[in-house]
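This is what each chain is made of:
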Amino acid sequence: MAEASHGIGGLTFDTSKRSLPPEAGVAIALVLIVVIFELLGRLLMNDSFLFNTRENVDGLFNVARLQIIILQVSIIGIIALGVTQVIITGGIDLSSGSIVAATAMIAMSFAQVGEINGLENTRAVFFEQGLVDLPVILPIAVGIGCGLVAGLINGLLVAYTGIPPFIATLGMMVSARGVAKWWTAGQPVSFPTESYAAIGAGMMPVFIFAFLAILFHLILRHTVYGKHTYAIGSSEAAARMSGIKVARHKVLVYTIAGLLAGVAALVLSSKNLTAQAGMGMMYELDAIAMAVIGGISLQGGRGSILGTVLGAMIFGVIISGFTFLRLDAYYQEMVKGAIIVGAVVLDQWRQRRAAIGK
Amino acid sequence: MASDIQTNLSGAEAPKSDTQLGDVILRTKGLTKHYGGVHALVDCNFEIRKGEHVAIMGDNGAGKSTFVRQITAVEQRTAGKVWFDGQYVEFDGPLEAREAGIETVFQTLALADHLDVPDNLFLGREKTRFDWLGPFRVLDYKGMREATRQGLEKTGVKIPNLSNTIQYMSGGQRQCVAIARTATFHSKLTIMVEPTAALGVQETEQVENIIRTLKEQGEPLILISHNMRQVMDLCDRIVVWRRGRVVANLRKEETDGQDVVAYITGAKTQPEYADAA
Ligand SMILES: Nc1ncnc2c1ncn2[C@@H]1O[C@H](COP(=O)(O)OP(=O)(O)OP(=O)(O)O)[C@@H](O)[C@H]1O
Ligand SMILES: [Mg+2]
C-alpha cells in the first residue's frame, strides 16, 4: 500500500511512485554491458562471459572471471571513494596516483626483510640503520600517515589560499611523484616481510575495498560530515551562512581522500611485492572516471559511494570483457575514454532537461 | 542584568557604549562598510530594544542587506562598533552570530539546492546522536523530520514531499523553508530580509502571523521589506536608509505611508540626519 504522509499543508505524496534513485540508471547500465559481452561472447567466441562453461569446474557462474573483475578495480576503487567525496564538495583531486607512488615507496621501506635466502638484504633502504623485519603495524602507520599528510596539504591549499582545487592538487601530483623518485633515487623497493605481503594477497584488496565502501557509504548518508559535504558542494555560500565551517570541512575531506590513497598504496605495493616510483600512474583519472560513470556531478552536490562502486564495476566489466573478446588494450583505452565523456554528456543533458522543465 | 557592560565574552577590555545599553538588544555605532570604492554603508547608528519590531526601508541598493551582512558577520565590517545582548561583539562568522542568538532569513535564503527540506532546516545545527563521534556524529533524521513538519505547518505552506530536494520547489515554498528555519529556533533577535517577497496571499498572511507571534512572545525583530502596508501593520518603528545612510527614524504613530515615501525618495530628511543627505 502506498504511504501518503510525506507532504504537508494538505498535499499528499504517493511514495509508491517515487522516482528511482540516480544509482538505478548506473545499475541498469552495468547489467546491459554484461549482457552485451555475454551476447558477443556467444556469437564471436562461442563461450560465455558470465557463466561457467568448463566441465571440470563446478558452479553456475565463471567465478574466476567475476573475481578478476572486482579484484582489478578494487585498488583504484579505494582511491575513488576519496575522490568521490572531494568531487561532491565541488572540488577535484588529481594527486591520488602520485600519492600512491610516494606512499608505497616510503611505507615499503619500513617493511623490508633483513635476509633473503640466508644472505643479508643489504639493498634494503634502512638496512644500515637496522630497520628491517619490523612489525607490520609500522609500515601501515607510515603509509597512512604519508597519505594523510599529503591530503592535509591539498586541503590546506584548497581551503585557505583560494587557488582552484585543480591547480592545488596538480601541484601535489607533480611534487609527490618527485618524492617517489627522490626517496631511493629511482630504485624500486622490494622484498617485503610476510606479514606486509599479506595485506594485499589474494582477495584481500576486494575485502578492504568493500569494507571501506560500506563505511564511507554510511558516513556520507548518516553523519554530519556527510551532510556538510553535500551542502558545501550544493551551495558554498548557503553552507557558510548556515554556520558550517567550510574551510575546515574541506581540509577534512581532502585529508580523508589522501588517507584513502595511502591505503591504496599499501594494498598495491603489498600485492605487487614491490614499490616503484612510476606506479599508480593515471590512477587519479581512472578514479575520477569511476565516480563520473557512477553518476557524480562535477559541479558538486550530487553523487554517492554506491554510484561510484557501480561505476567501478562497469570499469572492471569493460576491461575484462575486452580481454575476454581478445581485443587489444588499445581498444580498451579508446573505449574507456569515450565512456567517460559519454557519462558526463549524459549527465549534463539530464540536468539541462530538468532545468528546462523547472 | 547590569545595564552597561564593558567586557566582552572573553573578559577583555572592549569599547564601552556611551549611553546605557539597558534593554537595548542590538546597537551599532558608526557602522561602515566599503566594497573597494563603493560606500555601501556609512556611519550607521542603529538600535533596537527587547521586544521591539523595527522595519528598515529604503530603495534598492540603499544598503539594507549590507547592514544585515555586517550584523550577522557574513562579512567583516570596515569600521564601527556593535553591541549585542549586553556585550560588545566582534563575531568571527555567521555561526558565532547565530550561536549568540541572531537568527536571519537572508534575501538569498541560504538554502542548499541538493538537500531536502529537513536537511535545509537543520543545516549547520543538525539533531544528532553519538555526539562523541565529533564530525562523524550520527544524524537523527526522524527527529529532524518531525520538527520540520511542525515548523512548516506554522507557515501554512504546502509542500508535497519533504524528502524531495528543494531545487525544484517554488519560490514561495523555498521562502517558507527559510522562514520555518528561523521560527523553529528560539533567538534573541530575528532578522528577516523581505520574507514575503515571493509568497501568495495566504502564505503571506501566515508568515505575518508568525511575526505577530514573535511580537507576543516578546522576541525582537528587524524586518526589511518594501511592503508599506506590512511594515505599518507589523512594526513599532521604521528606520529609513538612503544611499548607505540612515536618514530617518520614525515611530509608527508619528508617521504614515506618504511620509515614509518622502524620506525614502529624498524629498525629506530628518534634521538630526541632515548631514547624511
Ligand atoms: N560585494 C559587493 N561588492 C561591491 N558592491 C557591493 C557588494 N555588495 C553590495 N554592494 C553594493 O552596495 C550597495 C548596497 O547594496 P545592498 O545589497 O545592501 O542593497 P539593499 O538595500 O539590500 O537593496 P535591495 O532592496 O535591492 O535588496 C549597492 O550599491 C550594491 O551594489
Ligand atoms: Mg537587499
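Residues numbered from 1 in each chain as written. Chains lettered and ligands numbered in written order. Predicted model: local features only at pLDDT ≥ 70, side-chain atom pairs only at ≥ 80, totals over all residues. Heavy atoms only, no water.

Pairing between side chains becomes possible if they bear opposite charge and their charged atoms approach one another. Residues and elements named next belong to chain B. On inspection of all chains with the given rule, the structure shows 19 salt bridges over all chains. A salt bridge links Arg-229 to Asp-233; its shortest N-O distance comes to 2.9 Å. With Arg-229 and Asp-233 both in helix α7 (residues 228–234) and four residues apart, this pair spans about one turn of that helix. You can call Arg-229 partly exposed: its relative accessible area is 42%. By relative accessible area, which is 42% here, Asp-233 ends up partly exposed. One continuous salt-bridge network, built from bridges that share partners, spans Asp-23, Arg-27, Glu-47 and Arg-49. (Salt bridge = Lys/Arg side-chain N within 4 Å of Asp/Glu carboxyl O. Helix = DSSP H or I, 4+ residues; strand = E, 2+ residues; numbered from the N terminus. Buried < 20%, exposed > 50% of the residue type's maximum accessible area, 1.4 Å probe, protein only.)

Now for the pairing of strand β6 (residues 102–105) of chain B. All names here are of chain B. Along β6, one buried face is formed by Ile-102 and Thr-104 and the opposite face, lined by Glu-103 and Val-105, is buried too. Pairing geometry for β6 and strand β9 (residues 189–193), over four bridges, is parallel. Each residue of the ladder has a partner; that of Ile-102, found in β9, is Leu-189. (Pairing = 2+ DSSP bridges.)

So, on to the packing of aromatic side chains. All names here are of chain A. For the structure on display, the rule yields 13 aromatic pairs over all chains. Plain terms: the ring middles of Trp-182 and Trp-183 are 6.0 Å apart, the flat faces sit at 65° to each other, and that makes the pair edge-to-face. Residue class for Trp-182 comes out exposed when judged on its relative accessible area of 61%. The exposure class of Trp-183 is partly exposed, given its relative accessible area of 23%. (Phe/Tyr/Trp six-rings, centres within 6.5 Å; stacked < 30°, edge-to-face > 60°.)

A few words on the environment of A:Ile305. Locating A:Ile305 in the fold gives a position in helix α12 (residues 305–324). Counting along the chain gives 95 residues from A:Ile305 to A:Ala210, while the straight-line C-alpha distance between them is 11 Å.

The interface is formed by 35 residues belonging to chain A together with 37 residues belonging to chain B. Both sides of the chain A and chain B interface together cover about 3,000 Å² of buried area, and 64% of this is carbon and sulfur. Summed over the shared surface of chain A and chain B, the number is one salt bridge. With its nearest N and O atoms 2.9 Å apart, the salt bridge here joins B:Asp119 to A:Lys227. (Contact = heavy atoms within 4.5 Å. Buried area = accessible area lost by both parts, 1.4 Å probe.)

For the rest of this paragraph, the subject is the site of ligand 1. Residues and elements named next belong to chain B. Taken together, 15 residues lie around ligand 1, and Asn-60, Gly-61, Lys-64, Ser-65 and Thr-66 are the ones closest in. Here Gly-61 contributes a backbone N or O atom positioned 2.8 Å from an oxygen atom of ligand 1. Between an oxygen atom of ligand 1 and a main-chain N or O atom of Gly-63, the distance comes to 2.9 Å. Look at ligand 1: alone it shows 640 Å² of surface, and the protein chains cover 64% of it. (Near = heavy atom within 4 Å. Polar contact = N/O pair within 3.5 Å; in protein donor to acceptor, adjacent residues only side chain to side chain. Areas by Shrake-Rupley, 256 points an atom, 1.4 Å probe, with all protein chains shown as cover.)

Attention shifts here to the side chain of B:Asn120. You can see B:Asn120 is positioned in helix α3 (residues 117–121). Among the polar contacts made by the side chain of B:Asn120, one reaches the main-chain carbonyl oxygen of B:Leu115 at a distance of 3.3 Å.

All right, on to the sheet that holds β9(B) then. Residues and elements named next belong to chain B. Strand order across the open sheet formed by six strands is β6-β9-β10-β3-β11-β12, with mixed pairing between neighbours. Looking at strand neighbours, the two that pair on one side only are β6 and β12 (245–251), the edges of this open sheet. Sheet twist, expressed as the average angle between the axes of neighbouring strands with direction ignored, equals 15°. Taken together, the six bridges between strand β11 (residues 237–242) and β12 define a ladder with antiparallel strand orientation. Each residue of the ladder has a partner; that of Arg-242, found in β12, is Arg-245. Docked against the sheet, helix α1 (residues 64–71) engages β3 (53–57), β6, β9, β10 (221–224) and β11, running at close to 145° with respect to β9. Here helix α8 (residues 257–265) sits on the sheet and contacts β3, β11 and β12; the angle it forms with β11, its principal contact strand, is near 25°. (Axes fitted to C-alpha atoms, helices over the stretch in contact; angles between N-to-C directions.)

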